[in-house]
Amino acid sequence: MEVYEADVVIVGAGGAGLRAAIAVAESDPALKIALVSKVYPMRSHTVAAEGGSAGVVQSHDSFEHHFNDTVSGGDWLCEQDVVDYFVAQCPEEMVQLEHWGCPWSRKPDGHVNVRAFGGMRIERTWFAADKTGFHMLHTLFQTSIKYPSIKRFDEYFCADLIVEDGRAQGVAVIEIASGEFTLIEAGAVIFATGGAGRVFRENTNGGIVTGDGMALAYRHGVPLRDMEFVQYHPTCMPGTGLLFTEACRGEGGFLLNKDGYRYLQDYGLGPAEPEPRNKAMELGPRDRLSQAFWHEQQKGRTIDGPQGAVVHLDLRHLGEKRLRERLPQIYELAEEFLGVDPALTPIPVRPAVHYTMGGILVDGRCASPLPGLYAAGECSSVGIHGANRLGSNSLAELCVFGKVAGLEAAAFAKSATRRDSATLLKQAQKVEQDARALLTRTDGTERIAQLRREMATTMESGCGIYRLADTMQAACDTLDELRQRFRNVGIQDKSSVWNNNWLLTIELGFQLDVAQAMACSALNRKESRGAHQRLDGFEQRDDEHFLKHSLAHYDGAGPPRIGYGDVKITHSRPAVRAYGAAGEKAEKLAKEAGNG
Amino acid sequence: MGDDAMSRPLKRSNAPIFWGLFGAGGMLAALLGPMLVFITGIAAPLGFILAPDAMSYANMMAFTGHWLGKAFVFAIVPLFLWHAGHRVFHSLHDVGIHAGMVARLVCYGGALLGTLIVAWALLLIGF
Amino acid sequence: MARTITMEVLRYRPEQDAGPVFQTYEVPFTDDMSVLQGLLHIKDELDETLSFRWSCRMAICGSCGMMINGKPALSCKTFLRDLAPGPVRIEALNHFPIERDLVVVMEDFIDKLERIQPYIIPKEPRTLEQGEYLQTPAQLEKYEQFSSCINCLLCYAACPQYGLNPDFVGPGALALLHRYNADSRDGGAAQRMELVAAEEGVFNCTAVGYCSEVCPKHVDPANAVNQNKTTAAADYFLGFLKPKGSRT
Amino acid sequence: MSKRRPYVRPMAGWWRKNPFFVEYMIHEGSALFVAAYGVVLLVGLVCLAQGEAAWNGWLAAMKHPLALLFHLAVLAMISYHSWSWFKIMPKTMPPLVIGGKRVAPAMITGAGLAATVVASLILLGLVWGMTR
Ligand SMILES: Cc1cc2nc3c(=O)[nH]c(=O)nc-3n(C[C@H](O)[C@H](O)[C@H](O)COP(=O)(O)OP(=O)(O)OC[C@H]3O[C@@H](n4cnc5c(N)ncnc54)[C@H](O)[C@@H]3O)c2cc1C
Ligand code: SF4
Ligand code: F3S
Ligand code: FES
């Protein structure tokens, strides 16, 4: 087995991983960085983000506003000290990207332009047309090329974390092209492996979004926090789940039911006005919008399409010119995939799984409880999203916490004691043996496509927009059974070169673990909060018992143990989460109370 | 990865000379080519539109005797040859004939030879 | 509903095949199905061993380029309905070595990307405290198109000159190089000229133009390459005027 | 030991495999006609330099039906060259912005072809005027 000695190894070269790599490289050029990714960096799913990235810039905006939007948007399940740090760092990170060449959309005077986004009180979403994630990712990737200390392992699959002496000391990776293993030793490990949306059936995520890092950390004893909070995005393409960005609504799009009625006004988001108003109607938070869809469907006011019920995203009034300029990619998607010209016809949409709020438990400095292991980006739970993430906070998170993770890991690696290479190698060899055993066995009868399908449908029915104890229980049971069956999985492809049948099998193992953590955390949270909404007697938020983070601990072959941790509240006490006119009134009252 | 790529020495291409001649010839051929062919190859020989003796010895000597006429001829003929030579050279490469030096000699050498002959002829005609 | 289409897929498994061979699959399809979805159907239901790259399904990650009926295309953005009644012929992207099945070796492109210095070389350095560089929408427009390259390599599969001479930097990377040169914040054009004007550079291009024809993101790489021929030629001739040694 | 064995496909006959490339080869092929025409002019010039008899010989050859046929072919191919030259033209130049708007490629091609027409008429007019 080949061995590579690095100071810091980063698994994942999406937005978070690349930002971390650059941070390490800039902090000390002498540090050797190994940047591992199972796809070429520019294929990472950050590429798909459309809408934008948050950062306070306007003079009538403030960090306090961004903080409040984030914390109330997260239904108070946020770590408030971390959110404080986050909102203060966002603008600088956005400017940093600008200096690195990100083609942010501009105002006529040459300053960066910002747009409105769901749940944000003031326009603070930086955007690069409707390809923000694409431009951020390519900017970061291309900038990373500048640093000779970053050694990339493109198309290397991380099969396991190497833990020795109670400390993360490296990873075992498979070169996809050859099927050969490499041990990457390192003083510190950063996971930036992205989300896990692919455990659901209809989702906006790329095929690679399979929760690998989450599962690996989890298997090594790091709890997964708040996994029950899975965001449904309200405007996705029926069938494929492809996303129509929130920016469609930021630009002024309407959501209409089958009567052509802007139904959101019936769900406490009104009044309906012709112009978009922040935090109202179509610019309400995603959880509320997805829930409203569900209710409309119950009332029979959605439209039946070939791929299930839909509502209409109406952009016609914006006109072709503006649509082509501000939402060019959306225009193309609608035309090519649906055969719909959005300037002439409303786009059929429905909610689909989009984002995993929870993830690897880390503190505000991205350190997990396992010394030497750091995490950033969607795979982590640093505590800013709470029970529901606001759109455009995630891309900003990649930069802010990618950098933090990089700096912290660099510092840790420098002070780390010498490692015992021989024992690390022995561990890596064990990883290789196990993975090869999976490949070479001939008695497996289960097919991964079948197991994956069953997992995805059970997650959809058990952990949907609204949840019930019995379907959640059924999901937990099914996942338990699927994990048993997975042990009997057989791989048809026995080859070494670019055998992704093999890697997909390993990934499915990761997915099943993560799915189970989600379903079990959901079942145990007996309240409704943010993206976790129940209809079985727990319709209300219950701050007394559940103003708590859930923590899923890995427990071998069995289901996870679910524990709870405290939520850090500094200066925003939990209050009613209100949007639209009601929200404005509540805010005014709060302000008066504060003044009086 | 790529360290050796970064340090690989780069050799400057001399293509701009040939590419420039190719471009100039191509532009002239595009602008004037069709009409020139029509005049010298069809209209004059047939006496169609133009007078039957349009290209008489006297006319042509007068034309090429004048420095403007000389300049015109010296622009058209060699540049057409350079344009064609460059293209043919690349086309040989395109169809898999990488004759290297030989092809280079035939294509560009031919154009150069043509240029010299034109110069010689024009000088012979005198002013 | 129950329509099917024949997909002829070029297979190459280095451990068992001497060279590439076609394998035929019958795939049921609906009107909204892309070629990629057809391949995923094959992988899930008919043949697990077929390897190909994909991820986003929405024509932005750039992984799923392949030859579809002889033309380079993104399989997630090409629809079976448009290819019916078939058969549909799927091959790995032209001009790249086949690693296996539809997966090509793309290290060469990455290598080239690294050589074009694809990052801002600031014209005027600026600290974060000074805030952003000003850039008007008109200045943005000068390079925006070239910055939309998703590195899908379709243009390389389209460019015979790259096929004939893999040393050629090629359309996609040159488009990105031009993207930085054309950015008002960047002052690195002179540094990048060395590669533009080198034997590997723009003069390999014979203006075939097919690269721009197949580009799914309207980058128009042919334009970037050919504009730089003019720039490189000007630099070449001006070079003779400059005193010796001043050229880097 | 790595089992990688990347397969490199041959390029032979590439230009026959796609209509786009066939067309490309035809327009590259137009260079042969440009060359042939250049040689015809070159021979004429040499004849001219050698005196009246040689020149008249050349003129007579130009009247041969085969020569006329040849020139018809050359005319067709050089016209095709003009067309393809200007068709590629927009790809070779920086975007042309007039009045804050980007000029469409078709406009540039059109302008090039129009220039050809104008130049041709001027040329014909001059020749006609000078040889009347
Ligand atoms: C369609 C869509 C639109 C979005 N729009 C927005 C938006 O407008 N604003 C916003 O703020 N957020 C948006 N988001 C969310 C945001 O884009 C993501 O949360 C974020 O990009 C995740 O980045 P990341 O760096 O954590 O992970 P990713 O970009 O997903 O990268 C993960 C990396 O980990 C690597 N990896 C994973 N597993 C392994 C393994 N086993 N071995 C080796 N490498 C591995 C992958 O190769 C990849 O490089 C959107 C998300 C989607 C899906
Ligand atoms: S220029 Fe176009 S075709 Fe070429 S890699 Fe970029 S996006 Fe793909
Ligand atoms: S196809 Fe190739 S030859 Fe030039 S115009 Fe495009 S790079
Ligand atoms: S799958 Fe991403 S471009 Fe096709």
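Conventions we followed
Counting of residues starts from 1 at the beginning of each chain's written sequence and follows it residue by residue. Chain A is the first chain written and ligand 1 is the first ligand written, with later ones labelled in order. Residue-level local features of this predicted model are given only where pLDDT is at least 70; pairs of side-chain atoms are given and counted only at 80 or more, and the full residue set underlies all totals for whole chains, interfaces and linings. To get the side-chain values, all heavy atoms of the structure are used, and hydrogens and water are removed first. By definition, any uninterrupted DSSP run of H or I lasting at least four residues is a helix, any uninterrupted run of E lasting at least two residues is a strand, and each is numbered from the N terminus. Atoms counted for the radius of gyration: C-alpha only. Globule rule: 2.2 Å times residue count to the power 0.38. Contact definition: two residues touch when any of their heavy atoms are within 4.5 Å. To measure how exposed things are, a 1.4 Å probe is used in the Shrake-Rupley method; for residues, cover is taken only from the protein chains shown. A fitted line through C-alpha atoms serves as each axis, taken over the contacting stretch for helices, and the angle formed by two N-to-C directions is quoted from 0 to 180°. Note that the term roughly parallel is reserved for angles under 35 degrees, roughly antiparallel for angles over 145, roughly perpendicular for angles of 65 to 115, and oblique for everything else. Two helices that cross are described as forming a left-handed crossing if the nearer one is turned anticlockwise from the farther one by less than a right angle, and a right-handed crossing if clockwise. Polarity classes work like this: nonpolar for Ala, Val, Leu, Ile, Met, Phe, Trp, Tyr, Cys and Pro, charged for Asp, Glu, Lys and Arg, and polar for all others, with Gly in that last group. A pocket, in this scheme, is an open set of points on a 1 Å grid over the protein atoms alone with protein on both sides within 12 Å along at least 5 of 7 lines, while a cavity is a set where a 1.4 Å probe fits but cannot get out; residues line either one if an atom lies within 4 Å of a point. Grid points are joined across faces, edges and corners, and a volume is the space filled by probe spheres set on the points. Under this definition, polar contacts are N or O atom pairs within 3.5 Å; protein pairs additionally need one hydrogen-donor-capable and one acceptor-capable atom, and for neighbouring residues in sequence, both atoms have to be side-chain atoms. Proximity is defined per residue: if any heavy atom of the residue lies within 4 Å of a molecule or strand, that residue is considered near it. Cavities and pockets are treated as containing a molecule whenever more than half of the molecule's atoms lie within 2 Å of their grid points. By convention, the term buried area covers the 1.4 Å-probe accessible surface removed from two parts as they join, with the contributions of both added.

S.K.: Could you give an account of the overall build of chain D, naming the residues involved and the relevant values?
M.R.: From N to C terminus, chain D includes four helices and two strands. Along chain D, helices (α) and strands (β) appear in the sequence α-α-α-β-β-α when read from the amino end. Since a compact globule built from 132 residues should have a radius of gyration of about 14 Å, the 22 Å found for chain D marks it as more spread out than a globular shape. Its C-alpha atoms give chain D principal-axis dimensions of about 80 × 50 × 25 Å. Taking all contacts inside chain D whose residues are at least 6 apart in sequence as the whole, residues at least 24 apart take part in 48%. Looking at chain D as shown, the accessible area adds up to about 7,300 Å², and 75% of this sits on carbon and sulfur atoms.

S.K.: Outline the packing of helix 2 (residues 15-46) of chain B against helix 3 (residues 65-92) of chain D, listing residues and values.
M.R.: Two measures define how a pair of helices packs: the angle their axes make with one another and the distance between the axes. Running from amino to carboxyl end, helix 2 of chain B crosses helix 3 of chain D at an angle of 150°, the nearest separation of the two axes being 9 Å. One element, helix 2 of chain B, and the other, helix 3 of chain D, form an angle in the roughly antiparallel class. Two packed elements cross with a definite hand, and for helix 2 of chain B against helix 3 of chain D that hand is left-handed. Residue composition of the contact of helix 2 of chain B with helix 3 of chain D, by class: 19 nonpolar, eight polar and no charged.

S.K.: Before we move on, could you go through empty space enclosed by the protein and cite the residues and values that matter?
M.R.: Residues and elements named next belong to chain A. Considering all chains together, one arrives at twelve cavities of 30 Å³ or more under this definition. Considering only enclosed or pocket space, the largest cavity measures out at about 770 Å³ in volume. Forming the boundary of the largest cavity are 49 residues, of which His45, Thr46, Gly194, Gly195 and Glu378 lie nearest the centre. Taken together, the residues that form the lining of the largest cavity break down as 20 nonpolar, 22 polar and seven charged.

S.K.: So what about the environment of Asp443 of chain A? Which residues, and what values?
M.R.: Residues and elements named next belong to chain A. Structurally, Asp443 can be placed in the loop between helix 11 (421-440) and helix 12 (448-462). The sequence separation of Asp443 and Gly490 amounts to 47 residues, and the corresponding C-alpha distance is 6.8 Å. Engagement of the side chain of Asp443 in a polar contact is seen with the side chain of Arg441, the distance being 3.0 Å.

S.K.: Please set out the site of ligand 3 residue by residue, giving values where relevant.
M.R.: All residues in the neighbourhood of ligand 3 are listed as Cys159, Gln161, Cys205, Thr206, Ala207, Val208, Gly209, Tyr210, Cys211 and Ala222 of chain C. Class assignment for the residues of the shell around ligand 3 results in seven nonpolar, three polar and no charged.

S.K.: I'd love a proper account of the site of ligand 1, names of residues and values included.
M.R.: Residues and elements named next belong to chain A. As a matter of local geometry, ligand 1 sits amid 37 residues, with Ser37, Ser44, Thr46, Glu378 and Leu395 nearest to it. Between a nitrogen atom of ligand 1 and a main-chain N or O atom of Cys158, the distance comes to 2.8 Å. Contacts to ligand 1 include Leu395, whose backbone N or O atom sits 2.7 Å from an oxygen atom. Protein burial of ligand 1: of its 1,000 Å² of free accessible surface, 98% is covered by the chains. The cavity that encloses ligand 1 is the largest cavity. Of the residues forming the shell around ligand 1, the biggest block, four residues, is contributed by helix 10 (residues 393-415). Residues that form the shell around ligand 1 fall into these classes: 14 nonpolar, 18 polar and five charged.

S.K.: Can you break down the interface of chain A and chain D residue by residue, with the values?
M.R.: Listed by partner, the interface residues are six residues for chain A and four residues for chain D. Taken over both partners, the interface formed by chain A and chain D buries close to 370 Å², and the fraction arising from carbon and sulfur atoms is 56%. If you look at where chain A meets chain D, you find zero residue pairs in polar contact (both at pLDDT 80 or more). Among the residues forming the side of chain A that touches chain D, the class breakdown is two nonpolar, two polar and two charged.

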